[in-house]
Amino acid sequence: MATGSTAVHVLIAGVVQGVGYRWSTQEMAKAQGLTGWVRNLPDGRVEAVFEGDGEAVEAMLRWCHQGPPAAAVNEVTVEHQDSEESETFEIRR
């Protein structure tokens, strides 16, 4: 299990747009105490950055593989990155 502060960049592919994925991601991230952002990409994927406690980030990544009930996630790609030092978790458009 990861501990300490972690920052990851995530790409989620599948049926992830038009199903409440961004809103649900924001709610879950806030519940985990994470900062960062989430947005839709023109190619149909969802992109997100999660920052915070390593265990909370790991829990968020596990959630991303399922997403909200209407989603059908095919792939989640994760890259560790330097912190963007976000203060909140927002939906970007």
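Residues numbered from 1 in each chain as written. Predicted model: local features only at pLDDT ≥ 70, side-chain atom pairs only at ≥ 80, totals over all residues. Heavy atoms only, no water.

**Re the packing of aromatic side chains**
Okay, so step 1: Under the counting rule described, the total for this entry stands at two aromatic pairs.
Okay, so step 2: Summarising the aromatic geometry, the rings of Tyr-21 and Trp-63 are spaced 5.4 Å apart at their centres and angled 50° between planes, so their arrangement reads as tilted. You can see Tyr-21 sitting in helix α1 (residues 21-31) and its partner Trp-63 sitting in helix α2 (residues 54-64), a full 42 residues away along the chain. Comparing Tyr-21 with Trp-63 shows no difference in burial state: the two are buried. (Phe/Tyr/Trp six-rings, centres within 6.5 Å; stacked < 30°, edge-to-face > 60°. Helix = DSSP H or I, 4+ residues; strand = E, 2+ residues; numbered from the N terminus. Buried < 20%, exposed > 50% of the residue type's maximum accessible area, 1.4 Å probe, protein only.)

**Notes on the pattern of salt bridges**
Okay, so step 1: Enumeration over the complete set of coordinates arrives at three salt bridges.
Okay, so step 2: In this structure, Asp-43 and Arg-45 form a salt bridge, with 2.8 Å as the shortest nitrogen-oxygen distance.
Okay, so step 3: Here Glu-90 makes a salt bridge to Arg-92, at a shortest N to O gap of 3.1 Å.
Okay, so step 4: A relative accessible area of 30% means that Arg-92 is categorised as partly exposed. (Salt bridge = Lys/Arg side-chain N within 4 Å of Asp/Glu carboxyl O.)

**Overview of the sheet that holds strand β4 (residues 72-80)**
Okay, so step 1: What the five strands build is an open sheet, ordered β4-β1-β3-β2-β5; its pairing is mixed. Edge positions in the open sheet fall to β4 and β5 (89-91), since each of these has one partner strand only. Neighbour-to-neighbour, the strand axes of this sheet turn through a mean angle of 20°, independent of strand direction.
Okay, so step 2: Sheet topology places strand β2 (residues 35-40) next to strand β3 (residues 46-53); six bridges connect them, and they run antiparallel. (Pairing = 2+ DSSP bridges. Axes fitted to C-alpha atoms, helices over the stretch in contact; angles between N-to-C directions.)

**As for the nonpolar core**
Okay, so step 1: Counting residues in hydrophobic clusters, the biggest one holds 22 residues, and the most contacted among them are Val-10, Ile-12, Tyr-21, Leu-34, Phe-50, Met-60 and Cys-64.
Okay, so step 2: For this core, the elements supplying multiple residues, two or more each, are β1 (5-15), α1, β3, α2 and β4.
Okay, so step 3: At six residues, the largest contribution of residues to this core is made by α2.
Okay, so step 4: Discounting chain neighbours no more than four positions away, the residues touching Leu-34 are Ala-29, Phe-50, Glu-51, Gly-52, Asp-53, Ala-56, Val-57, Met-60 and Phe-89. (Core = buried A, V, L, I, M, F, W, Y, C linked by side-chain atoms within 4.5 Å. Contact = heavy atoms within 4.5 Å.)

**Focus on α2**
Okay, so step 1: Within α2, eight of the 11 residues are buried, which leaves it mostly tucked inside the rest of the structure.
Okay, so step 2: For α2, every residue scored as buried is listed here: Gly-54, Ala-56, Val-57, Ala-59, Met-60, Leu-61, Trp-63 and Cys-64.
Okay, so step 3: Against β1, α1, β3 and β4 lie the buried residues of α2.
Okay, so step 4: A side-chain oxygen of the first residue of α2 lies 3.1 Å from the backbone nitrogen of Glu-55; this N-cap is Asp-53. (Polar contact = N/O pair within 3.5 Å; in protein donor to acceptor, adjacent residues only side chain to side chain.)

Shape is all these values report; function is a separate question.
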